[in-house]
Amino acid sequence: MPEIEIELNGRPVTVPDDAGSLLDALRGPLGLRSPKDGCSPQGQCGCCTVLVDGQPRISCVTPLRRVAGRSIVTVEGLDAQVRDGWAAAFVETGGSQCGFCTPGIIMRFESLRAQGVGAHDRNKVASALKAHLCRCTGWQTIIDSFESFSPGRETETGRDLVAASGRATLEGHAPQQLAPFAALGSAPFAADTAPDDSL
């Protein structure tokens, strides 16, 4: 099988060219879990958004072949201070509950930040969110997360995260944890913990 070379999170990698999508490669042989498969291959939910040469791209509808030789960045590849800053912002504002959609939104927000979109420009932020679906929090707290972002900021909040997690569990009818790891897509979703070759 032919192989494709890409730069992933700052390092060169080679993956088999099986005519699949970028998302298939990221979650498959490359073992990354922050890009989520919410609607593949429809490209409608935004959960699998990554940066391709600095631009947000829906990876479930992006053929792996199309990104040969290009730079791909996922949440795992963000600078640690940037990643921690996004996690803190989402937790503190209540912009993330289950965390399934949040990594894709973080990547879109990181692209906006790199373009110089400021915290005051709620209209641009709201417009960028049109590419994403979120069922947990609504848009207000997600936009608040963009406004409150600060690199290197640690999660320090007056919110009772245990109580907030309990409320989110009641609202979502499933256990949820409000925590930085959930905002970054590291919560134990079934597809992230399934054994190899499971259905």
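All of the points below concern the structure found in this document. Everything numeric in this text was worked out from a predicted model, so none of it was measured.

**Considerations on the overall build of the protein chain**
For the protein chain, the helix and strand inventory stands at eight helices and five strands. When the elements of the protein chain are put in sequence order from the N terminus, they spell out β-β-α-β-β-β-α-α-α-α-α-α-α. Taking all 199 residues of the protein chain together, the buried fraction comes to 46%. In the structure as shown, the protein chain presents an accessible area of about 9,900 Å², 50% of it carried by carbon and sulfur atoms.

**Things to note about helix α2 (residues 80-93)**
Each α-helix winds once per 3.6 residues, and so residues spaced three or four apart point in a common direction. Its 14 residues place the ends of α2 20 Å apart at the C-alpha level, agreeing with the 20 Å of an ideal helix rising 1.5 Å per residue. Turning to α2, its buried residues number three or more, namely Val-82, Gly-85, Trp-86, Ala-87, Ala-88, Ala-89, Phe-90, Val-91 and Glu-92. The distance from a side-chain oxygen at the start of α2 to the backbone nitrogen of Gln-81 is 3.0 Å, and the residue carrying that oxygen is Asp-79. Gly-94 occupies a position one or two residues after α2 and carries a positive phi of about 75°.

**A few points about the pairing of strand β1 (residues 3-8)**
The side-chain alternation of β1 yields one buried face, formed by Ile-4, Ile-6 and Leu-8, and one unburied face, formed by Glu-3, Glu-5 and Glu-7. Bridge count for β1 against strand β2 (residues 11-16) is six bridges, and the pairing is antiparallel. Residue pairing in the sheet places Ile-6 in a bridge with Val-13 of β2. The turn joining β1 and β2, which pair antiparallel and follow one another in sequence, is formed by two residues; a positive phi near 50° is taken by Asn-9. Bridge count for β1 against strand β5 (residues 71-73) is two bridges, and the pairing is parallel. Residue Glu-7 lies in a different strand from β5, and its bridge partner there is Ser-71.

**Overview of the sheet that holds β2**
Within the open sheet, the five strands sit side by side as β2-β1-β5-β3-β4. Their pairing is mixed. The sheet is open, and its two edges are formed by β2 and β4 (55-58), each paired on a single side. With direction set aside, neighbouring strand axes in the sheet form an average angle of 40°. For strand β3 (residues 49-52) and β4, the ladder comprises four bridges, and the chain directions are antiparallel.

**Digging into unusual backbone geometry**
In this model, Ser-40 is joined to Pro-41 through a cis peptide bond whose omega is 5°. Note that Pro-41 resides in the loop between α1 (22-27) and β3. Backbone geometry places Asp-53, a non-glycine residue, at a positive phi of 50°. The topology assignment puts Asp-53 in the loop between β3 and β4. For Asp-53, a relative accessible area of 43% corresponds to the partly exposed category.

Analysis parameters
- Throughout, a residue's number is its position along its own chain's written sequence, starting from 1.
- Owing to the predicted nature of the model, reporting of local features is limited to residues with pLDDT of at least 70; listing and counting of side-chain atom pairs is limited to 80 or more, with chain, interface and lining totals taken over all residues.
- Just so you know, side-chain values use all the structure's heavy atoms and leave hydrogens and water out.
- Only DSSP runs of H or I reaching four residues or more are called helices, and only runs of E reaching two or more are called strands; each is numbered from the N terminus.
- Throughout, exposure labels follow a simple rule: accessible area from a 1.4 Å probe, protein chains only, divided by the maximum for the residue type, with under 20% read as buried, over 50% as exposed, and the rest as partly exposed.
- In this description, accessible areas are obtained by the Shrake-Rupley approach with a 1.4 Å probe, and a residue is regarded as covered only by the protein chains that are shown.
- To estimate how far a helix should extend, the number of its residues minus one is multiplied by 1.5 Å.
- Polar contacts, as used here, are pairs of N or O atoms within 3.5 Å; protein pairs need one atom able to donate a hydrogen and one able to accept it. Residues neighboring in sequence count only if both atoms are side-chain atoms.
- Any two strands between which DSSP finds at least two bridges are classified as paired.
- Think of each axis as a best-fit line through the C-alpha atoms, taken over the contacting stretch in the case of a helix, with angles from 0 to 180 degrees between the N-to-C directions.

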